[in-house]
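Listed here are the chains, written in short residue letters.
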Amino acid sequence: MNIGAGEAAGPELWPPATRAVTRIGRACVIEGLTDFGPDDLRLVRDRFPHQHVTLDGDVITVWPALLPHP
């Protein structure tokens, strides 16, 4: 996951209704001002094509990719 400190929110990076983007461990949590819709989910999934991305109302979570088995 490549999220820089200067990448807070914006229509080209995150859904327009984004309130906050935070990391919890290796996961990325995008919190909205309102509930996100399918287009918002698609925008985030397109940004992270190899990771599992879920939508739960006003929260989109980008789950960390599985680490290779040793």
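Caption draft 1: Focus on the overall build of the chain. Of the regular secondary structure elements, the chain holds one helix and four strands. Taken across its 70 residues, the chain has 30% of its residues classed as buried. Carbon and sulfur atoms make up 57% of the accessible area of the chain, which amounts to about 4,700 Å² in all.

Caption draft 2: Local environment of the packing of aromatic side chains. Taken as a whole, this structure holds one aromatic pair when the rule is applied. One Lys or Arg, R47, reaches over the ring of W14 and ends 4.2 Å from the middle of that ring.

Caption draft 3: Focus on the confidence of the model for the chain. Averaged over all residues, the pLDDT of the chain is 86; the fraction at 70 or higher stands at 83%. The low-confidence segment residues 1-10, where pLDDT is below 50, has 20 contacts with residues more than four positions distant or belonging to other chains.

Caption draft 4: Region of interest: the sheet that holds strand β4 (residues 59-62). Strands sit in the order β1-β2-β4-β3 across an open sheet of four strands; the sheet is antiparallel. The two strands at the open ends of the sheet, each matched to only one other strand, are β1 (18-24) and β3 (53-56). Between one strand axis and the next, the sheet turns through 15° on average, direction left out of account. Bridge count for β3 against β4 is four bridges, and the pairing is antiparallel.

Caption draft 5: Representation of the pattern of salt bridges within the structure. A full pass over the atoms with the stated rule returns two salt bridges. Here E31 ties to R19 by a salt bridge, and the two come within 2.9 Å at their closest N and O atoms. Taken together, the residues span a long stretch of sequence, with E31 in strand β2 (residues 27-32) and R19 in strand β1 at a distance of twelve residues. Among the salt bridges present, the one from R42 reaches D39, with a minimum N-O distance of 2.6 Å. Linking R42 with D39, this pair stays in helix α1 (residues 38-47), spanning three residues, or about one helical turn. Residue R42 is classed as partly exposed on the basis of its relative accessible area, which comes to 45%.

Caption draft 6: Geometry of the side chain of Q51. Secondary-structure assignment places Q51 in the loop between α1 and β3. Looking at Q51, the relative accessible area reads 19%, which means it is buried. Among the polar contacts made by the side chain of Q51, one reaches the main-chain carbonyl oxygen of W63 at a distance of 2.8 Å.

Parameters and conventions
For every chain, the first residue of the written sequence is number 1, and numbering continues from 1 along that sequence. With the structure being a predicted model, the display of local features is reserved for residues of pLDDT at least 70 and the display and counting of side-chain atom pairs for 80 or more, all residues being used for whole-chain, interface and lining totals. The side-chain quantities take in all heavy atoms of the structure and omit both hydrogens and water. Comment: elements are numbered from the N terminus, with helices defined as DSSP H or I runs of at least four residues and strands as E runs of at least two. Burial here depends on accessible area, computed with a 1.4 Å probe over protein chains only, as a share of the maximum for the residue type. Under 20% is buried, over 50% is exposed, and the range in between is partly exposed. Surface accessibility in these figures is a Shrake-Rupley result with a 1.4 Å probe; residues are shielded only by whichever protein chains are displayed. Pairing of aromatic side chains requires ring centres within 6.5 Å, counting the rings of Phe and Tyr and the six-membered ring of Trp. Pairs whose planes differ by under 30 degrees are stacked, by over 60 edge-to-face, and all others tilted. In this analysis the charged atom, NZ for Lys or CZ for Arg, is taken to sit over a ring once it is within 6 Å of the ring centre and within 35 degrees of the ring normal. You can read pLDDT as the predictor saying how much it trusts each residue, on a scale of 0 to 100. In what follows, a contact means two residues having at least one pair of non-hydrogen atoms within 4.5 Å. In this description, strands pair whenever DSSP reports at least two bridges between them. Each axis is a line fitted through C-alpha atoms, and for a helix only the stretch in contact is used; angles between axes span 0 to 180 degrees, taken between their N-to-C directions. A carboxyl oxygen of Asp or Glu within 4 Å of a side-chain nitrogen of Lys or Arg is what we treat as a salt bridge. As used in this structure description, the phrase polar contact means that two N or O atoms lie within 3.5 Å; if the pair is within protein, one of them must be able to donate a hydrogen and the other to accept it, and residues adjacent in sequence are counted only when both atoms belong to side chains.

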